[in-house]
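# Fold and contact review
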Amino acid sequence: MPSYKAPVDDVLFILNDVLKIERHSNLAGFADATPDVIEAVLAEGARYCEEVVAPLNRVGDLEGCRRNPDGSVSTPTGFKAAYDGYREGGWMGLSAPAAYGGQDLPMTLNTVMQEFISAANLAFGMYPGLTQGAIAALVTHGTEEQKTLYLPKMVEGAWTGTMNLTEPHCGTDLGLLKTKAVPNGDGSYAITGTKIFISAGEHDLSENIIHLVIARIEGAPAGTKGISLFLVPKLMVGPDGSLGARNGVSCGSIEHKMGIHGNSTCVMNYDGATGWLVGQENRGLNAMFVMMNEARLAVGIQGLGQSEVAYQNAVAYAKDRLQGRSLNGAAQPDKPADPIIVHPDVRRTLMSIRAFNEAARALALWTALSSDVAHRSEDKAERQAADDRLGLLTPVVKGVLTDVGFDNTVRAQQVFGGHGYIAEWGMEQFVRDARIAMIYEGANGIQAMDLVGRKLGREGGRAVMAFFGEVQGFCRENAGDDDMKRFVEPLAESLDHLQGATMWFMQHAMAKPDNAGSGATEYMHLIGLVALGYMWARMCKAALEKKVAANGAVASAGIVGRMDAKLATGRFFMERMMPETGALKRRIEAGSDAIMALPAEMF
């Protein structure tokens, strides 16, 4: 059985020493997030994920969800009790507004919890994760009546939420959707259509399920300009919040999937179901994008979570598995062979995963902190800068963390050799579960095109230029620090590669759009590597400062040891992983000719 230990110490280092979260104590909700509170919240979240949720990961994979003859869905053994614990612990409302029963703590803390729960049990974590996205959409676009009626129960966790976009004939191109909405004459609409791939569409964890559904009102314009968003409850809700009759929405079937078997991925049928407009008519995508952007960040963190749990188990195996001798002579001559962690190639694999995980965690938390600032700051310029950064980094976090996160589960599986292919060790489940994160909430090719096609040029390139300026400023400030040179110089070189690739797009993509399409994925990973490198440079600077501060302190040896490990991992990233930016730039600048040369009939 695989195991999981939440990386609480690493999170605290990032929040306190790298991002210096206490500097934001002026933001709403941050004053209550004192260092003691943060540590207590994370410790309890870690305990819940390690002891309650993680043991159910294998159970959920083996049992899956079951659709019953009456159309209801039963989740795997133990899921209901675990969800009750999540609800009773107040985790659903960790960063939700206090006006609706939430704790109003920073979203950044909820992001940490999302990593812990995604690593412990990805399928389980999707149930509350989707609800939190639905809460965010209703907070932003719901009417006061909708907020008052639905949000307290959703924040409590008594009711859960979903997002209904995809239909059998359309996924990314939502302008093709056929689900229709007909006015009932009383302010409500009759929703009719079929949605597929609906995560947590039907289950037995909560009393009610609040579906957010995109549909086209009769007579609305064709394409995406005619899409509206509707709130459609599974059970009708009375004015006093009481539950009534079943609405006209049902689960037609459960999808048979490669992974995340413990989550009920449903085909949902809407047969004249009663729904209410959320936001403005024909502006549904604008409202849904609040939930989609929340979900994209959460999915990126899912990639990190699977990479982390796979790494932890690969390390444990590498320390225990005896095979061969060290190239430098027997490391443990009293044993018949040495543990495989002595072999350089095994270490290369483990260090690659570790170096990614630690930087990805910092990047995810930096992005989450940007979201907090964008939504909570009273300073307009500060809000704008944070919102620009959030918009730029969202497709990067989603695309890069899930692409590399999946690759890392495969790398970790490889450490086990043949045992990694055997189900009882758990590694093949991590591979299967991680694979979906590259696909849902916008396949990663779409994330890359969103980055290159929309985010780079927005407001004259304001966001990406600010990112360049921030990284350049950090490099200049630390150029004279001998201890920082091995981190700053590779970062500066990679930033040059990124700026050069950006300039190439400006010169060659407007006249020939295929050039942008052909290099978009490479560009997403290029800016991702620079962002991860920037995180490493900041972490190493903080580690050096922490070593100095620990001099002579009680338990300083432990602190110094952890910081030395941080510096060694950062060095590995800069020497072994950052050079990839040069190759990515070359691929981008190769353009689209070779990609588009072959006639379709020759494939």
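Before going into details, it helps to say that this report is about the structure given with it. (Residues numbered from 1 in each chain as written. Predicted model: local features only at pLDDT ≥ 70, side-chain atom pairs only at ≥ 80, totals over all residues. Heavy atoms only, no water.)

## Remarks on the overall build of the chain
This is how the line gets drawn: Secondary structure counts use DSSP, requiring at least four H or I residues in a row for a helix and at least two E residues in a row for a strand, with both numbered from the N terminus. The globule rule used for comparison is 2.2 Å times the number of residues to the exponent 0.38, while the radius of gyration itself is calculated over C-alpha atoms. Each residue is placed in one exposure class: buried if its accessible area under a 1.4 Å probe, protein chains only, is under 20% of its type's maximum, exposed if it is over 50%, and partly exposed if it falls in between. The criterion used for residue contact is that any of the two residues' heavy atoms lie within 4.5 Å. Areas reported as accessible are Shrake-Rupley estimates using a 1.4 Å probe. Residue values count occlusion only from the protein chains shown. Positive charges are assigned to Lys and Arg, negative charges to Asp and Glu, while His and the chain termini are left out of the count. A single reference atom marks each charge: NZ on Lys, CZ on Arg, CG on Asp, CD on Glu.
Looking only at helices and strands, one finds 18 helices and eleven strands in the chain. For the chain, whose C-alpha radius of gyration is 24 Å, the value lies close to the compact-globule estimate of 25 Å for 603 residues. Seen through its principal axes, the chain has C-alpha atoms that stretch 80 × 60 × 60 Å. Taken across its 603 residues, the chain has 57% of its residues classed as buried. For the chain, the share of sequence-separated contacts (at least 6 apart) that also reach a separation of at least 24 residues comes to 73%. By element, 53% of the accessible surface of the chain is carried by carbon and sulfur atoms, the whole surface being about 24800 Å². On the chain, the mean spot of the 56 positive side-chain charges and the mean spot of the 69 negative ones are 3 Å from each other.

## Remarks on the nonpolar core
Burial of nonpolar side chains together is a common tendency in soluble globular proteins. Formally: Note on terminology: a nonpolar core comprises buried Ala, Val, Leu, Ile, Met, Phe, Trp, Tyr and Cys residues joined through side-chain atoms within 4.5 Å.
If you look at the biggest cluster of nonpolar residues, it comprises 186 residues, and the most contacted ones within it are F467, L491 and Y523. Among the elements that make up this core, the one with the highest residue count is helix α15 (residues 513-549) (18 residues). Not counting residues within four places of it along the chain, the set of residues in contact with F467 comprises W366, L392, L498, I527, V530 and A531. By size, the runner-up hydrophobic cluster in this structure holds seven residues, among which are I260, V299, A437 and Y440.

## Examining unusual backbone geometry
Although it is not a glycine, E441 adopts a positive phi angle of roughly 60 degrees. Assignment of secondary structure puts E441 in the loop between α11 (427-435) and α12 (444-455). Using a relative accessible area of 18% as the deciding quantity, one classes E441 as buried. A positive phi angle, close to 50 degrees, is found at E459, a residue other than glycine. Looking at the secondary structure, you find E459 in the loop between α12 and α13 (462-477).

## Quick notes on the packing of aromatic side chains
Rules: By convention, a stacked pair of Phe, Tyr or Trp rings (six-membered ring in the case of Trp) has centres within 6.5 Å and planes under 30 degrees apart, an edge-to-face pair has planes over 60 apart, and any other such pair is tilted. Whether a charge sits over a ring comes down to the Lys NZ or Arg CZ being within 6 Å of the ring centre and within 35 degrees of the ring normal.
Applying the stated criterion across every chain, the model contains twelve aromatic pairs. Plain terms: the ring middles of Y48 and Y86 are 6.1 Å apart, the flat faces sit at 50 degrees to each other, and that makes the pair tilted. Within this pair, whereas Y48 is found in helix α2 (residues 35-53), its partner Y86 is found in helix α4 (residues 79-88), the two being separated by 38 residues in sequence. Neither residue differs from the other here; Y48 and Y86 are each classed as buried. Each member of the aromatic cluster is reached from another via a ring pair, and the members are Y48, Y83 and Y86. Here the guanidinium or amino end of R435 rests over the ring plane of F406, the centre of that ring lying 5.5 Å away. For the cation-ring pair, R538 lies above W366, with the distance from its terminal atom to the ring centre recorded as 5.7 Å.

## As for the side chain of S228
Quick note on the threshold: Any pair of N or O atoms that falls within 3.5 Å is considered a polar contact. Within protein, one atom must be able to donate a hydrogen and the other to accept it, and sequence-neighbouring residues count only if both atoms are side-chain atoms.
With respect to the helices and strands, S228 occurs in strand β7 (residues 228-233). One polar contact links the side chain of S228 to the main-chain amide nitrogen of N282, over a distance of 2.7 Å. Setting aside anything within four residues of it in sequence, one finds S228 in contact with V213, I214, A215, I217, L277, E281, N282 and G284.

## Some thoughts on the packing of α15 against helix α17 (residues 580-589)
Our working rule: Orientation is described by axes fitted as lines to C-alpha atoms, over the contacting stretch for helices, and by angles from 0 to 180 degrees between their N-to-C directions. For classification purposes, angles smaller than 35 degrees are called roughly parallel, those larger than 145 roughly antiparallel, those between 65 and 115 roughly perpendicular, and all remaining angles oblique. Handedness of a helix crossing follows the sense of rotation of the near helix relative to the far helix, less than a right angle counterclockwise being left-handed and clockwise being right-handed. Think of it as three bins: nonpolar holds Ala, Val, Leu, Ile, Met, Phe, Trp, Tyr, Cys and Pro, charged holds Asp, Glu, Lys and Arg, and polar takes everything else, Gly as well.
Between α15 and α17, the least distance of the axes is 9 Å, while the angle of their chain directions is 155 degrees. As judged from the angle between their axes, α15 and α17 are roughly antiparallel. Between α15 and α17 lies a crossing whose hand is left-handed. Of the residues in α17, those in contact with G519, E522, Y523, H525, L526, L529 and V530 of α15 are E580, T581, L584, R587 and I588. In terms of residue class, the contact of α15 with α17 is made up of six nonpolar, three polar and three charged.

## Remarks on the packing of helix α1 (residues 8-18) against α15
Geometry of a packed helix pair, given as the angle between the helix axes and the separation of the axes. Relative orientation of the contacting elements α1 and α15 amounts to 85 degrees, with a least axis distance of 10 Å. Accordingly, the angle class assigned to the pair α1 and α15 is roughly perpendicular. In contact with F13, I14, D17 and V18 of α1, α15 contributes R538, M539, A542, A543 and K546. Of the residues assigned to the contact of α1 with α15, the class counts are six nonpolar, no polar and three charged.

## A few points about the pattern of salt bridges
Which entries qualify depends on this criterion: A side-chain nitrogen of Lys or Arg and a carboxyl oxygen of Asp or Glu constitute a salt bridge if their distance falls within 4 Å.
In the structure shown here, the tally under the stated rule is 35 salt bridges. A salt bridge links R246 to E202; its shortest N-O distance comes to 3.6 Å. Taken together, the residues R246 in strand β9 (residues 243-246) and E202 in the loop between β5 (188-199) and β6 (208-217) connect sequence positions 44 residues apart. Among the ionic pairs, R325 bridges to D338, the shortest N-O distance being 2.9 Å. Residue R325 is found in the loop between α8 (284-320) and α9 (344-376), and its partner D338 is found in the loop between α8 and α9; the two are separated by 13 residues along the sequence. On the basis of relative accessibility, which here comes to 31%, the residue R325 falls in the partly exposed class. For D338, a relative accessible area of 0% gives the class buried.

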